[in-house]
2 protein chains.
Amino acid sequence: MARPTPLSGFPEWLPDGRIVEQHVLDVLRRTFELHGFAGIETRAVEPLDQLLRKGETSKEVYVLRRLQEDPEAGAERGGQLGLHFDLTVPFARYVLENAGHLAFPFRRYQIQKVWRGERPQDGRFREFVQADIDVVGAGELAYHFEVELPLVMAEALGALRAIGLPEVRILVNNRKVAEGFYRGLGLTDVEGVLRSIDKLDKIGADAVAALLVAEAGATQDQARACLELASISGTDQSVVDRVLELAGRVGARHELLDEGLAELGQLVRAAQDRAPGVVVADLRIARGLDYYTGSVYETVLVGHEQLGSICSGGRYDTLASDGATTYPGVGLSIGVSRVVSRLLGAGLVRATRSVPSAVLVAVSSEEDRDRSDAVATALRSRGIPVEVAPSAAKFGKQIRHADRRGIPFVWFPGPAEAGGSADQVKDIRSGEQVAADAGTWCPPAEDLHPRVVAATVS
Amino acid sequence: MARPTPLSGFPEWLPDGRIVEQHVLDVLRRTFELHGFAGIETRAVEPLDQLLRKGETSKEVYVLRRLQEDPEAGAERGGQLGLHFDLTVPFARYVLENAGHLAFPFRRYQIQKVWRGERPQDGRFREFVQADIDVVGAGELAYHFEVELPLVMAEALGALRAIGLPEVRILVNNRKVAEGFYRGLGLTDVEGVLRSIDKLDKIGADAVAALLVAEAGATQDQARACLELASISGTDQSVVDRVLELAGRVGARHELLDEGLAELGQLVRAAQDRAPGVVVADLRIARGLDYYTGSVYETVLVGHEQLGSICSGGRYDTLASDGATTYPGVGLSIGVSRVVSRLLGAGLVRATRSVPSAVLVAVSSEEDRDRSDAVATALRSRGIPVEVAPSAAKFGKQIRHADRRGIPFVWFPGPAEAGGSADQVKDIRSGEQVAADAGTWCPPAEDLHPRVVAATVS
């Protein structure tokens, strides 16, 4: 077998990169559990017809077939399966399937791989890990969850700053504000306006104004008002005041606008208190407003804005429905692979070693391997990760074995007849070697497990 | 959308079941890391031609295609992808791809889902989780790793006995013993003999004897000797002595037999010391001896033998090869989904609650939600998982909200003007309610996180 080459769009990490990814996953899990989210995992596949309920995603789905399957078999075609492309569609299905066994409102987190048959680009993969939190209610879901969830993500992402994740900005908007404002102006093609506004970053204000007139039925004045709304952003109540001032000036009044502004105001005030500077109301955010029904969230890494959003989501009034009951939900999803690939690719973080082992126990001869195994067992029984040298090579070679992996300590068992009393342990970084007892010795806490640190910290 | 039904062969758990699964995964990961195995994760897909290198697995593979892909496109067909059906094929590819960046012998664990398009049965799934450990060397790999790896698995599975996993027996055999014995007898169709012996459990000794004569070229005496070898099992050196006695009696001498017996003896002696009673040398084990080159392992749950092996593996002299270098390896794989589905399905274990939250903070009115949020933040800052009541319902309803989820404590914030000094916390199991300070109160350690316990323990 020749040396294989990587598959574009299917990222994999070397062991030290995986330590970084695992650390990110552990921090996210811990944060989500501190906030009472229950972990679930869904199967990787869904019936194709469920995956294709929203037409626009159809091009991204990987369809499965068994190799020996008759491609003409009608029954199999009817039950065709595809890999899930997000964790929201599977979650909605899980909620419906298990509604009788779940307690609502149901808070869940879900950390899994998803697949999309897209053209790979920087930060855009065909296989990647998402970390989602959602709260779903049966019949109703109070607005305060739309305040809570981005703040949980702010905390989770904030916890990663210790390892070198750049600052984040969570940008929020509210469908009700946009729709209420447009309707108040007299515009009825809300989706058309949103589609045009969504192009602001790409084509600029003048071209968007022309689009609004040409395709969304707006007058020049209405177009200008829409663009002015989109220019408003901020981290405090002044955002609401500025929208109110604009709405008054252009005569855009609508009860949906009032409702949306009350909500948005509640969110920015809570965020000012609990995650100052992180949450920014940004009325330009239009992506997702066509399918979310309330709040919508996007998140950028400061200094890495071109990477795109690393954490997005919003509120659905109908996450799922079985006819009798409607399940509204609100949630956000972190693109873990996108974040980790940037952390690693830009050299922002590193693991302090590539293996879990804190100690390598040296072997003086293969006949004495038992003695080294006994030392390892004694250390492990107190939670210290240990491996035993693969061969009774010269000690210099055994020390290099540890050094190549970043294992900080090498243990030298004394002669069997000494019963452990002649054991010594060497810190191979400093060279310091001291007598040690495998029943009591511990490495310094910072050496016990590999740590993930900002790459500038040595 | 009507209520969806489960897909056969694609198991999913309710939140309390997932707590059990997650606990099992955490115990495995912890054990593997204590022994210095580095975690890696490989992509879910491999090129189809790699997956099909062993013909016999071809029927099990799920092939992927992008929904919009032209099925006639030659380029795409050449690069067809399939979902991996185990973690060994991807690991071998990963080793070759990254050999220049890995330090050998390389110890890795890998816990991931795999997919097989088989007919689902009890304990046999189409999507399931495997947990693998392997050690792979560059050019050479000492025998002592074949002793070490099953003992790591014995420790990992032993650590699960605390939550109600039944005892396990790790059955070991050695290709060299079997092949050396057969060759010493004068039999040359080793694979044929192994195939016949593998049918012992299904068709019985007489039928196997007939097969050995008819298909493996054995005489009646040779067939009887092969069956006698297969009847030997035990947990100590006596196993080796009995094989030697038999070999002497039937005149089966071969250096491969001597080498294999020396290895097997080393394994049973180490196991007697480090995992007494768990490892059983069983010369009947033939499955896998056709492709493993040294030790082979199977594991049964005592009392659940009909479930099949829950942890299998062995030694490959050529796990991978790039032409210049050959990479021998030894490893075992736990069928996590098989174990977890039995633990849950047979009611052997349970989680003490279905959510991470140790505390529900009650909300006296929506205006005072801030006050409850502040209590939650104070508790979380000390690592206590907390959720805040979803609505300011009557306290009885809020307590029922906690009770339904198994949350043991409900926190009642005092009036805002008391500044926390009038807070109380109730243990809803005992009904005991005491004054408490959110800056210092802790739940008992056993209530901090959901625990997984044997189902008979209340």
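Residues numbered from 1 in each chain as written. Chains lettered and ligands numbered in written order. Predicted model: local features only at pLDDT ≥ 70, side-chain atom pairs only at ≥ 80, totals over all residues. Heavy atoms only, no water.

Within an unreviewed UniProt entry, the label attached to chain A reads Histidine--tRNA ligase, and the organism entered is Cellulomonas gilvus. In its Subcellular location (unreviewed entry) section, the UniProt entry covering chain A states "Cytoplasm". (UniProt positions renumbered as here; feature names shortened; annotations may be inferred.)

Asker: Just give me the short version of the overall build of chain A, but keep the residues and values in it.
Answerer: A tally of helices and strands in chain A yields 15 helices and 19 strands. Taken along the three principal axes of its C-alpha coordinates, chain A extends 95 × 60 × 45 Å. For chain A, with 458 residues in total, the buried portion stands at 59%. Long-range pairs, those at least 24 residues apart, make up 69% of the contacts in chain A with a sequence separation of at least 6. For chain A, the exposed area adds up to about 18300 Å²; of that, 48% sits on carbon and sulfur atoms. One finds the centroid of the 52 positive side-chain charges in chain A at a distance of 4 Å from the centroid of its 63 negative side-chain charges. (Helix = DSSP H or I, 4+ residues; strand = E, 2+ residues; numbered from the N terminus. Buried < 20%, exposed > 50% of the residue type's maximum accessible area, 1.4 Å probe, protein only. Contact = heavy atoms within 4.5 Å. Areas by Shrake-Rupley, 256 points an atom, 1.4 Å probe, with all protein chains shown as cover. Lys, Arg positive; Asp, Glu negative; His and termini not counted. Charge placed at Lys NZ, Arg CZ, Asp CG, Glu CD.)

Asker: Lay out the side chain of R175 of chain A in plain terms, naming residues and giving numbers.
Answerer: Residue and element names in this part refer to chain A. Relative to the helices and strands, R175 resides in helix α6 (residues 175-185). Note on R175: relative accessible area 11%, which makes it buried. For R175, the side chain forms a polar contact with the side chain of E191, separated by 3.2 Å. Contacts of R175, omitting those with residues within four sequence positions, involve G180, V190, E191, L194, L289, D290, Y292, T293 and G294. (Polar contact = N/O pair within 3.5 Å; in protein donor to acceptor, adjacent residues only side chain to side chain.)

Asker: Explain the nonpolar core to me, and be specific about the residues and the numbers.
Answerer: Of all hydrophobic cores here, the largest spans 135 residues; its most connected members are F32, F181, Y182 and I197 of chain A together with V359 and W411 of chain B. At 9 residues, helix α5 (residues 144-159) of chain A tops the list of elements feeding residues into this core. Counting residues in hydrophobic clusters, the runner-up holds 111 residues, among them Y94, V193, L289 and V349 of chain B. (Core = buried A, V, L, I, M, F, W, Y, C linked by side-chain atoms within 4.5 Å.)

Asker: Quick one: what's the story with the sheet that holds strand β17 (residues 424-427) of chain B, residue by residue and with numbers?
Answerer: Residues and elements named next belong to chain B. Pairing in this open sheet of 5 strands is mixed, and the strands run β15-β14-β16-β17-β18 from one edge to the other. Bordering the open sheet on either side are β15 (386-388) and β18 (433-435), each of which pairs with just one other strand. On average, each strand axis in the sheet is inclined to that of its neighbour by 25 degrees, with strand direction left out of account. Sheet topology note: the strand β14 (residues 359-361)/strand β16 (residues 409-412) ladder contains 3 bridges and is parallel. Looking at the pairing, V359 lines up with F409 of β16. (Pairing = 2+ DSSP bridges. Axes fitted to C-alpha atoms, helices over the stretch in contact; angles between N-to-C directions.)

Asker: Quick rundown of the pairing of strand β9 (residues 279-282) of chain A? Include the residues and the values.
Answerer: All names here are of chain A. Side chains V279 and A281 of β9 all project onto a buried face; the interleaved residues V280 and D282 project onto the opposite face, where all are buried too. Pairing analysis gives 3 bridges linking strand β7 (residues 168-174) to β9, with the strands arranged parallel. What sits directly across from L171, in β9, is V280. Judged from the 2 bridges that link them, strand β8 (residues 233-234) and β9 form a sheet pairing that is antiparallel. The residue bridging G234 from the neighbouring strand is A281, located in β9.

Asker: Before we move on, could you go through unusual backbone geometry and cite the residues and values that matter?
Answerer: F104 of chain A connects to P105 of chain A through a cis peptide bond whose omega is -10 degrees. Here P105 of chain A is to be found in the loop between α4 (88-98) and β5 (106-115).

Asker: Would you mind going over the relation of the copies chain A and chain B in detail, with residue names and values included?
Answerer: By a simple turn and slide, chain A fits onto chain B: the slide is 0.0 Å along the axis, the RMSD is 0.1 Å, and the turn is 180 degrees. The superposition of one copy onto the other is thereby described by a two-fold rotation axis. Residue L64 of chain A, judged by its C-alpha, is the member of chain A lying nearest the rotation axis, at 2.4 Å. Looking at the interface residues of chain A, 100% of them are also at the interface in chain B, so both copies use one shared face. (Least-squares fit on C-alpha atoms with pLDDT ≥ 70 in both.)

Asker: Outline the sheet that holds strand β6 (residues 127-136) of chain B, supporting the account with residue identities and numerical values.
Answerer: Ordered by their spatial adjacency, 9 strands build an open sheet running β1-β5-β6-β12-β11-β10-β7-β9-β8 (chain B), and the pairing between neighbours is mixed. Unpaired on one side and paired on the other, β1 (38-39) and β8 (233-234) of chain B mark the two borders of the sheet.

Asker: Pulling in residues and values, what's your account of helix α13 (residues 336-345) of chain B?
Answerer: Residue and element names in this part refer to chain B. Counting buried residues in α13 gives 8 out of 10 residues, a clear majority hidden from the surface. When α13 is considered as a whole, its buried residues turn out to be V336, S337, R338, V339, V340, S341, R342 and L343. Where α13 is buried, its residues touch α1 (15-34), β6, β10 (295-301), β12 (326-335) and β13 (349-351). Taken from the residues just after α13, G347 is the one with a positive phi, measuring 65 degrees.

Asker: Outline the pattern of salt bridges, supporting the account with residue identities and numerical values.
Answerer: In the structure shown here, the tally under the stated rule is 64 salt bridges over all chains. Put simply, R315 of chain A and D317 of chain A hold a salt bridge, and the shortest N to O gap is 3.0 Å. Judged by its relative accessible area of 10%, R315 of chain A falls in the buried class. Judged by its relative accessible area of 36%, D317 of chain A is partly exposed. The salt bridge partner of R43 of chain B is E46 of chain B, with a shortest N-O separation of 2.9 Å. What you see here is one network of salt bridges that share partners, running through E12 of chain A together with R43, E46, R93 and E97 of chain B. (Salt bridge = Lys/Arg side-chain N within 4 Å of Asp/Glu carboxyl O.)

Asker: If you had to explain the packing of α6 of chain A against helix α11 (residues 255-274) of chain A to someone new, which residues and values would you point to?
Answerer: Residues and elements named next belong to chain A. It is at 7 Å that the axes of α6 and α11 come closest, and there the two elements cross at 150 degrees. On the basis of their axis angle, the class for α6 and α11 is roughly antiparallel. α11 is crossed by α6, and the crossing has left-handed handedness. Touching K176, V177, E179, G180 and F181 of α6 are L256, L257, E259, G260, L261, E263 and L264, all from α11. Along the lines of polarity and charge, the residues of the contact of α6 with α11 split into 6 nonpolar, 2 polar and 4 charged. (Parallel < 35°, antiparallel > 145°, perpendicular 65-115°, else oblique. Left-handed = near helix turned anticlockwise from the far one by under 90°. Nonpolar A, V, L, I, M, F, W, Y, C, P; charged D, E, K, R; others polar.)

Asker: Any details on the interface of chain A and chain B? Residues and values, ideally.
Answerer: On the side of chain B, 87 residues touch chain A, which itself brings 87 residues to the contact. Buried surface at the junction of chain A and chain B, both sides included, amounts to about 7700 Å², of which 56% is carbon and sulfur. For the interface between chain A and chain B, the tally reads 10 salt bridges. When the shortest N-O distance is used, the salt bridge between E41 of chain B and R18 of chain A registers 3.3 Å. Counting across the chain A and chain B interface gives 39 residue pairs in polar contact (both at pLDDT 80 or more). Looking at the side of chain A that touches chain B, the element that brings in the most residues is helix α1 (residues 15-34) of chain A, giving 8 residues. Looking at the side of chain A that touches chain B, its residues break down into 39 nonpolar, 20 polar and 28 charged. (Buried area = accessible area lost by both parts, 1.4 Å probe.)

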